[in-house]
Amino acid sequence: MSELEAIILTIITASTPLLLAAIGELVTERSGVLNLGVEGMMIMGAVCGFATAHLSGSALLGIVAALFAGFAMSMLFAFLTQTLLTSQVASGLALTLLGLGLSGLIGESFTGVPGVKLAPLYIPLVSDLPFVGPILFGQDILVYFSLMLVPAVGYVLLRTRAGLIVTAVGGNHHSAHALGYNVIAVRYICIGFGGACSGLAGAYLSLAYTPQWIENMSSGRGWIALALVVFATWLPRRLLVGAYLFGTVWIMGLYVQGLGVAIPSQLLSSLPYLVTIAALIIISRNKTLTKINTPACIGQPFAPER
Amino acid sequence: MEQVDADSSPIDGTENASEFLLEARNIVKVFGPLRANDNVTLTLKSGEIHALLGENGAGKSTLVKIIYGALQPTSGSLLWNGAPVRIANPAAARAMGISMVFQHFSLFDALTVTENIALALPGNRNMTVLADSIATVSREYGLPLRPDALIADLSVGERQRIEIVRCLLQEPRLLIMDEPTAVLTPQEADRLFITLKRLAAEGCGILYISHRLDEVKRICHEATILRHGKFVSTVKPQEETATSLARLMVGGEVAVVKSGETAKSGPPLLELIDLTLPTDDPFGVTLKNIDLRVRSGEIVAIAGVAGNGQSEMFDAISGETLGNEKGAIKLAGEACGKENITERRHRNVAFVSEERLGHGAVPNFSLSENIVLTHHATGDGVVRKGLINRSAATEVIGRVTKVFDVRKNTADPEARSLSGGNLQKFVVGREIALKPKVLVINQPTWGVDAGAAARIRQALIDLARGGSAVLMISQDLEEIYEIADRIAVISRGELSPAYPADEISLERIGLLMAGTQDELGDNGELARLG
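The residue numbers shown here count from 1 along each chain, following its written sequence. Chains carry letters and ligands carry numbers; both start at the beginning, A for chains and 1 for ligands, and go up in the order they are written. In view of the model being predicted, local features appear only for residues whose pLDDT reaches at least 70, and side-chain atom pairs are presented and counted only at 80 or more, with totals across whole chains, interfaces and linings using the full set of residues. Side-chain descriptors were evaluated using all non-hydrogen atoms of the structure, hydrogens and water having been removed beforehand.

Observations concerning the overall build of chain A
Part 1: Secondary structure summary: chain A contains 13 helices and 0 strands in total.
Part 2: Going along the chain from the N terminus, every DSSP run of H or I of four or more residues is numbered as a helix, and every run of E of two or more is numbered as a strand. Mapped from its N terminus to its C terminus, chain A presents α and β elements in the order α-α-α-α-α-α-α-α-α-α-α-α-α.
Part 3: Principal-axis analysis of the C-alpha atoms gives chain A an extent of 65 × 45 × 45 Å.
Part 4: Buried positions account for 52% of the 306 residues belonging to chain A.
Part 5: Any two residues whose heavy atoms approach within 4.5 Å are treated as being in contact. When contacts within chain A are restricted to residue pairs at least 6 apart in sequence, long-range pairs at least 24 apart make up 79% of them.
Part 6: Of the roughly 12,900 Å² that chain A leaves accessible, carbon and sulfur atoms contribute 73%. In this scheme, a residue with accessible area under 20% of its type's maximum is buried, one over 50% is exposed, and one in between is partly exposed, where area comes from a 1.4 Å probe on protein chains only. The method behind every accessible area is Shrake-Rupley, applied with a 1.4 Å probe, and residues are considered shielded solely by the protein chains displayed.

Regarding the domain arrangement of chain B
Residue and element names in this part refer to chain B.
Part 1: Per the annotation, domain bounds derive from an automatic or database assignment of domains. Under the domain assignment, chain B is made up of domain 1 (1-97 + 175-183 + 195-254), domain 2 (103-171) and domain 3 (264-340 + 469-530).
Part 2: On a C-alpha basis, the centres of domain 1 and domain 2 stand 24 Å from each other.
Part 3: In this assembly, 12 residues from domain 1 lie in contact with 13 residues from domain 2.
Part 4: What counts as buried area is the accessible surface, traced by a 1.4 Å probe, that two parts surrender upon association, with contributions from both included. In this assembly, domain 1 packs against domain 2 so that about 1,200 Å² is buried in total across both faces, 57% of it on carbon and sulfur atoms.
Part 5: We count a salt bridge whenever a side-chain nitrogen from Lys or Arg sits within 4 Å of a carboxyl oxygen from Asp or Glu. At the boundary of domain 1 with domain 2, the tally comes to 1 salt bridge.
Part 6: As a salt-bridge pair, Arg198 and Glu140 come within 3.4 Å of each other at their nearest N and O atoms.

What about helix H9 (residues 310-318) of chain B?
All names here are of chain B.
Part 1: Burial of H9 is extensive: 8 of the 9 residues sit out of reach of the surface.
Part 2: When H9 is considered as a whole, its buried residues turn out to be Gln310, Glu312, Met313, Phe314, Asp315, Ala316, Ile317 and Ser318.
Part 3: Positive backbone phi, approximately 95°, marks Gly319, located one or two places after H9.

A look at the state of the cysteines
Part 1: Cysteine sulfurs are considered disulfide-paired once they come within 2.5 Å of each other. Taken as a whole and judged by the stated rule, the model has 0 disulfides over all chains.
Part 2: No disulfide involves A:Cys297; its sulfur sits 13 Å from that of A:Cys190, the nearest cysteine.
Part 3: Take A:Cys297: its relative accessible area is 5%, and that puts it in the buried class.
Part 4: No disulfide involves B:Cys220; its sulfur sits 13 Å from that of B:Cys204, the nearest cysteine.

Re the nonpolar core
All names here are of chain B.
Part 1: Take the buried Ala, Val, Leu, Ile, Met, Phe, Trp, Tyr and Cys residues and link them wherever side-chain atoms come within 4.5 Å; each set so joined is a nonpolar core. With 181 residues, the main nonpolar core has Leu119, Leu175, Leu196, Ile206, Tyr208, Phe426 and Leu460 as its most contacted residues.
Part 2: Beyond its immediate chain neighbours, meaning those up to four positions away, Ile206 contacts Leu44, Glu48, Ile49, His50, Leu174, Leu175, Leu196, Leu199 and Ala200.
Part 3: Counting 30 residues, the second largest nonpolar core, distinct from the first, contains Val300, Ile317, Leu331 and Leu471.

Observations regarding the packing of helix H13 (residues 420-432) of chain B against helix H14 (residues 450-465) of chain B
All names here are of chain B.
Part 1: Orientation is described by axes fitted as lines to C-alpha atoms, over the contacting stretch for helices, and by angles from 0 to 180 degrees between their N-to-C directions. Interaxial distance between H13 and H14 falls to 10 Å at its minimum, and their mutual angle equals 10°. The angle between H13 and H14 falls in the class roughly parallel. Between H13 and H14, the contacting residues are Gly421, Gln424, Lys425, Val428 and Ile432 on the first element and Ala452, Arg455, Ile456, Ala459, Leu460 and Leu463 on the second.
Part 2: Among the residues making up the contact of H13 with H14, the classes are represented as 7 nonpolar, 2 polar and 2 charged. An angle counts as roughly parallel when it lies under 35 degrees, as roughly antiparallel when it exceeds 145, as roughly perpendicular when it falls between 65 and 115, and as oblique in every other case. Under this grouping Gly is polar, as are all residues other than the nonpolar Ala, Val, Leu, Ile, Met, Phe, Trp, Tyr, Cys and Pro and the charged Asp, Glu, Lys and Arg.

Overview of the interface of chain B and chain A
Part 1: In this complex, chain B contributes 31 residues to the contact, which on the side of chain A involves 19 residues.
Part 2: Counting each side, the surface lost to burial between chain B and chain A is near 2,000 Å², with a carbon and sulfur contribution of 63%.
Part 3: Think of a polar contact as two N or O atoms within 3.5 Å of one another; within protein, one of them needs to be a possible hydrogen donor and the other a possible acceptor, and neighboring residues in sequence only count if both atoms come from side chains. Between chain B and chain A we count 6 residue pairs in polar contact (both at pLDDT 80 or more) in total.
Part 4: The set of elements that each furnish at least two residues to the side of chain B that touches chain A consists of strand E1 (22-31), helix H2 (90-96) and helix H3 (113-120) of chain B.
Part 5: Counting residues per element, the side of chain B that touches chain A draws most heavily on H3(B), which supplies 4 residues.

Quick look at the environment of A:Val186
All names here are of chain A.
Part 1: You can see Val186 is positioned in helix H9 (residues 183-209).
Part 2: In the structure, Val186 is positioned 158 residues away from Thr28 in sequence and 9.7 Å away in space, judged by C-alpha atoms.
Part 3: Those residues in contact with Val186 that lie beyond four places of it in its chain are Ile165, Val166 and Val169.

Thoughts on the pairing of strand E4 (residues 75-80) of chain B
Residues and elements named next belong to chain B.
Part 1: Pairing analysis gives 5 bridges linking E1 to E4, with the strands arranged antiparallel. Considered in E4, the bridge of Leu22 is made with Trp80.
Part 2: Sheet topology places E4 next to strand E5 (residues 83-85); 3 bridges connect them, and they run antiparallel. Across the sheet, residue Leu79 finds its bridge partner in E5, namely Pro84.
Part 3: Criterion used throughout: strands pair if DSSP finds at least two bridges between them. Connecting E4 to the antiparallel partner E5 that follows it, the hairpin turn spans 2 residues, and Asn81 within it adopts a positive phi of roughly 50°.

Focus on the side chain of B:Asn37
Residues and elements named next belong to chain B.
Part 1: Note that Asn37 resides in strand E2 (residues 34-44).
Part 2: A polar side-chain atom of Asn37 sits 3.1 Å from the main-chain carbonyl oxygen of Gly59.
Part 3: At 3.4 Å, the side chain of Asn37 forms a polar contact with the backbone nitrogen of Leu63.
Part 4: Apart from the residues lying within four places of it in its own chain, the contact partners of Asn37 are Ile27, Val28, Lys29, Gly59, Thr62, Leu63, Ile66 and Gly229.

Considerations on the packing of aromatic side chains
Part 1: Any Phe, Tyr or Trp ring, taking Trp's six-membered ring, that has another such ring centre within 6.5 Å forms a pair; planes under 30 degrees apart are called stacked, those over 60 apart edge-to-face, and the others tilted. As enumerated under the stated definition, the model contains 4 aromatic pairs over all chains in all.
Part 2: Between A:Phe246 and A:Tyr273, the ring centres sit 5.1 Å apart and the planes meet at 85°, which makes this aromatic pair edge-to-face. Placement of the pair is A:Phe246 in helix H11 (residues 236-258) and A:Tyr273 in helix H12 (residues 265-283), with a sequence separation of 27 residues.
Part 3: Between B:Phe314 and B:Phe351 the ring centres are 6.5 Å apart and the planes differ by 85°, which places this aromatic pair in the edge-to-face class. Taken as a pair, B:Phe314 in helix H9 and B:Phe351 in strand E16 (residues 349-352) lie far apart in primary sequence, 37 residues in all.

Some details on the pairing of strand E6 (residues 98-101) of chain B
Residues and elements named next belong to chain B.
Part 1: Side chains of E6 alternate between two faces, with Ile98 and Met100 and Ser99 and Val101 buried alike.
Part 2: Pairing geometry for E6 and strand E7 (residues 174-178), over 4 bridges, is parallel. Bridge pairing in E7 links Ile98 to Leu174.

So, the environment of B:Arg344
Part 1: Looking at the element boundaries, B:Arg344 is found in helix H10 (residues 341-346).
Part 2: Separated by 27 residues in sequence, B:Arg344 and B:Ile317 place their C-alpha atoms 9.1 Å apart.

Topic: the environment of A:Phe110
All names here are of chain A.
Part 1: Locating Phe110 in the fold gives a position in the loop between helix H4 (88-107) and helix H5 (132-137).
Part 2: In sequence terms Phe110 and Ile214 are 104 residues apart; their C-alpha atoms lie 8.7 Å from each other.
Part 3: Discounting chain neighbours no more than four positions away, the residues touching Phe110 are Phe50, Ala51, His54, Leu55 and Trp213.

Written out as structure tokens, the structure reads:
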């Protein structure tokens, strides 16, 4: 395996969980809900996915469990913010704290236990090709899923009636209600989708990235995903660019550090953030386009009059 | 578009058991301690334009929301073609054939015309086909629309057209219109009336909410009047005068504003000299080469359709948005284009913004605290050496309350607990209490009942006659003609010269509002007294 091949493979591994979590949060935010609990949903996905895979021996079952764990966490958030009308910011932060704590508790007996690694896909002949084989045809199922999910979400959001309704609910919930749409129901669905995606991102961490359980293993990726959504101005295609750019600079930083180049490590570890912010600011120079895609109602509670 | 079919016979309700399309019987709606609707009854036939009249807070919106399914009545019943119905939500209302054009449009700024309309229609539609039928219907009814335009880029009149076309595509049996002409130029309003008459001739019932009595007399067959949530009567507007209708609405005589002597021209106290201000907001309006002088003793009004640069102009004068030209704004002869709000207030200039709650007053603050917020820099000794002098603030409240008849339930309530009219009287009174040399006021009587509006207008006149310069931005042409000495019109960020109010016709103002002054030839130089 050449060095370049190794670097590319690591970049994909680093970018995939960010992409999964961020595309879910993008849908949630498009519907006008700010869920700051991505980190908590992700870590719950990681621990539940790991535990299920370890106990059943099946990585696929682990993925399913992680998806449901993230979904369940998001439903708690949806119930608090949409039904009980609590503050989205406070509830999201609480969800993160809850997820970090609860995952530590669940994961206690799984620390140091051997994990189940999600096997890469193997397609005869093409996967054996030098260089392109492992990169294009030798990834695991979650990588392909994340890469297909982005255009799929983009298509649904920007080209279909369902996506139009989500955008409308996020853009002006009073108008959407007046037109007869069930704002709360739409938001429940979008929050649930976001939770499931965060759960999958967690599964990727504990089943593919490092197939073991380490407390706090999401290490801030949920927050990066949240930032990526804003910098990508709520557009899926920009999210893809942002997530992979972040992953690339991050891995390159580690690689350069490994070579012993005399750059302070603090600078190198802040570089992914700086580069991603700079790049996404440059792509979002078009103010009108940005404003059009910004969900105007984000974070605002909505209760229909009675 | 004027060709309304004379022979198109109304689709009357012959097949139906009832002669009425809609009956609302004994509707009661209670919000906490408030009876917003108290035993209200309204009947409407197919093909009838029925006005719903009343002051702000009379319960018109509540009744309409009940008919549209957005609210459920506490008691009372609705009959549709004679059969009792329960309208659970707006979707159910639309399925029955009830459409509504909202006062504060229910459009999505970030979406296109076609997308906005698609959202209101059932089922999955092909956007290209829909765009074609939008073009067809809008042409047929003389309501031109570009299907692919973004809402944020459209004028208020165009936005209303979208709402109407959206309703027409649903082939409504009953169309509810909430204050539709409040945001239109007189010419746009005329076009709307043609559309409404045509719809009525085709058999659609129209429930028309307005407080403009001349319009109601012009187009409505029946009028139901509400006062304080109660049903007053149903009358034929053609048989009434504007005064008798107003008396029914208010329940007494309406105060008449006395304008006093017309202004003698004093020195200019507020000058805008070639004021140009680009906007950062992609949906905002750029101000272009605005020239205006407001003299001591006069009221100058800025007319115009909302969203043509009024708020940008107000922000530029008040100092909320700072320009780059020091000399573009002069207060009492001194250039202050780069001064902030407090520095301008120090020059004895007062500002009343359009949004009374949230901008003009902090909702959760008491009135005395709100006094401190604008008086801290000027007179009244409200702040001494950095400390708040509560008794001085309370004294100002006492004065304002007395002069402006602000009705409140405790001595110093939270701003948000006041009704719209009372809060507006307080916000205006607070600034006038400072006896400013210059007062700039945006939408002085928006959403305020007739009594409060008359008092505010009288106060503006008295202030001007006392030697101050008053600049009033308003969309209400009746109000402008009532109190302004000179009138300028803003359109797409450009301001026309200011014409003496008795020399400019309503029609001319309408054309200027639409931005078509060139077609008339500009006689501005004659009228410019500056």
